[in-house]
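Take a look at the letters that make up each chain.
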Amino acid sequence: MVRPIAPRRRAAMAARNPAANPRRRAIFALLAPFVGFADYLRLRLVDRAWRLYCRRAGRTPPPFPWLMLPPGESAPGNPAPTVRVFYDIPGGLSYGYHVPPKNHHRCVATGHGWIVMVAVQPPRRITVLNPITGEGKVIPWPFDNCNERFHAHLTSSPVDRACFLVVVTDRLIAYCRPAHFEGWQTLRAPGFRYHAVSSDVVSLSSSLVFLVDQRGKLWRVELAERQPHVERRDTAFELPSKELRRYYLVESLGHVLLVLSDDRHKCVSLYKLDWAARMWAPTDGWRGDRVLLLGRGCSAAVPASSAAGRVPGTVLFARQPTSISDMDSSVRGDGSGQAWFWSETRVDATPDDLLVLKKTVPHRQGEFTDDDSFWFFPAVDPDENLQLPNVAVVTRALALNAADGVEFGRNVLAGTSIVDAWISILH
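Residues numbered from 1 in each chain as written. Predicted model: local features only at pLDDT ≥ 70, side-chain atom pairs only at ≥ 80, totals over all residues. Heavy atoms only, no water.

In the annotation of an unreviewed UniProt entry, the entry for the chain reads KIB1-4 beta-propeller domain-containing protein, and the organism field reads Zizania palustris.

Dropping the structure here:
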């Protein structure tokens, strides 16, 4: 005999299921458009209903960057595919967005919800694209030749008038403002030597840019100055091992970090820049509260709380075989198409620790074997278009009394997030 569900248990189930709780469903639907990014991150870990209604309201920037997978292989006689797969690692979901095909453009960098692509055929040009919104801008190539030796970097979202697009090559820095392109400016960086894996570029703000080359030498420039000039630092920096020859610059909490890795990503060392002291300070035993995402043109540091259970100090490498010409075939993937999409290790890992290779995205045999993956950051200034809630409407929907409604409205108008304003009156 099947017993009916007890009323108390039925009520508890209804409270957890928004479809069975009309009032709660109405509250979620009403509040979702006003939920800021920080509140979304906090609430998505608690309640699936918030994710549902935030998604319906277009307020679903994932807390963990997606992995933009390499372009799929095209069938003989057919044009290259234009849909790239973006994989949400914590959610285990894949999304498809249109991106120029690889036989016309190649991705060289990502950042702030945009990707930077360079044409592979003349005339050489740069395309800055937001695959989610479809916005894009074509910018001419900054140099006279079709140099393949360069780093590209976006200092902020290209819709921001303060954003700079930076292209760095041997002894030269070119920069422009994509939002209102008026031509390229160039600066000399004497001594900077480009290297595909042992040099990098990063920014601490929308205009402060740092460079490092394979000798550990440093360059810094404030692009927003009226007359920018490049500062150079020769550091007393020695490699801990000749095997650690892959360099990644990462911005984390206002600091510039240098990550050194061997070609197989099994051994990692971390340093923090001390510009005034002209040195890279070792961070032995560092864990902090960040997870590092590393890749050429797409490195970042994200809170460990958003990394789906990964502990602080975890390091994830995007698979980028085109810049690893001498990498062992067991790590690159064999010819049958069994390639990995990213790997995971730790800052304090030892050579004997097992490197975790990840490949959980369904794909056809032979796909994704030769090109690069990139970390992609779909949440770009997610609160910039956040609506100010109609306090009277929200007060009625939440069935607040007069006193609570006044307090709720006062908190919201004072700048308190709508979620915190609601929580304050519940207590």
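Observations concerning the pattern of salt bridges
Counted only if it meets this: Here, a salt bridge means any Lys or Arg side-chain nitrogen found within 4 Å of an Asp or Glu carboxyl oxygen.
Summed over all chains, the structure comprises 11 salt bridges. R232 serves as the salt-bridge partner of D234, at 2.9 Å between the closest nitrogen and oxygen.

A look at the pairing of strand β21 (residues 300-303)
Under the convention used in this document: At least two DSSP bridges between two strands are required for those strands to pair. Secondary structure elements are defined from DSSP: runs of H or I of at least 4 residues count as helices, runs of E of at least 2 residues count as strands, and each element is numbered from the N terminus.
Of the pairings in the sheet, the one linking strand β20 (residues 290-294) to β21 comprises 4 bridges and is antiparallel in character. The partner of L293 across the bridge, within β21, is A300. Counted between consecutive antiparallel strands, the loop separating β20 from β21 contains 5 residues, among which G297 sits at a positive phi close to 80°.

Some points on the sheet that holds strand β17 (residues 255-261)
Selection criterion: Lines fitted to the C-alpha atoms define the axes, with helices restricted to the stretch that makes contact. Angles between their N-to-C directions range from 0 to 180 degrees.
Read across the open sheet, the 4 strands follow the order β16-β17-β18-β19; overall the sheet is antiparallel. At either margin of the open sheet sits one strand with a lone partner, and together these are β16 (246-252) and β19 (279-282). Strand-to-strand twist in this sheet, taken as the mean axis angle between neighbours without regard to direction, amounts to 35°. Here 5 bridges tie β17 to strand β18 (residues 268-274), and the two strands are oriented antiparallel to one another.

Examining the nonpolar core
Under the convention used in this document: Residues grouped as a nonpolar core are buried Ala, Val, Leu, Ile, Met, Phe, Trp, Tyr and Cys residues, joined through side-chain atoms within 4.5 Å. Relative accessible area decides the class of each residue, using a 1.4 Å probe on protein chains only: under 20% of the type maximum gives buried, over 50% gives exposed, and in between gives partly exposed.
Core analysis: the biggest nonpolar cluster contains 30 residues, and F64, I115, L316, W342 and W375 have the highest contact counts within it. Within the residue set of this core, elements represented by two or more residues are β1 (66-68), β2 (83-88), β3 (93-98), β5 (114-119), β20, β21, β22 (314-318) and β25 (374-376).

Things to note about the sheet that holds β22
A sheet is described by the order of its strands in space; here 5 strands give the open sequence β21-β20-β22-β23-β24, paired in mixed fashion. The open sheet has two edge strands with one neighbour each: β21 and β24 (356-358). With direction set aside, neighbouring strand axes in the sheet form an average angle of 25°. Relative to β24, strand β23 (residues 342-346) runs antiparallel, the two sharing 3 bridges. Bridging from a neighbouring strand, S343 pairs with L357 of β24.

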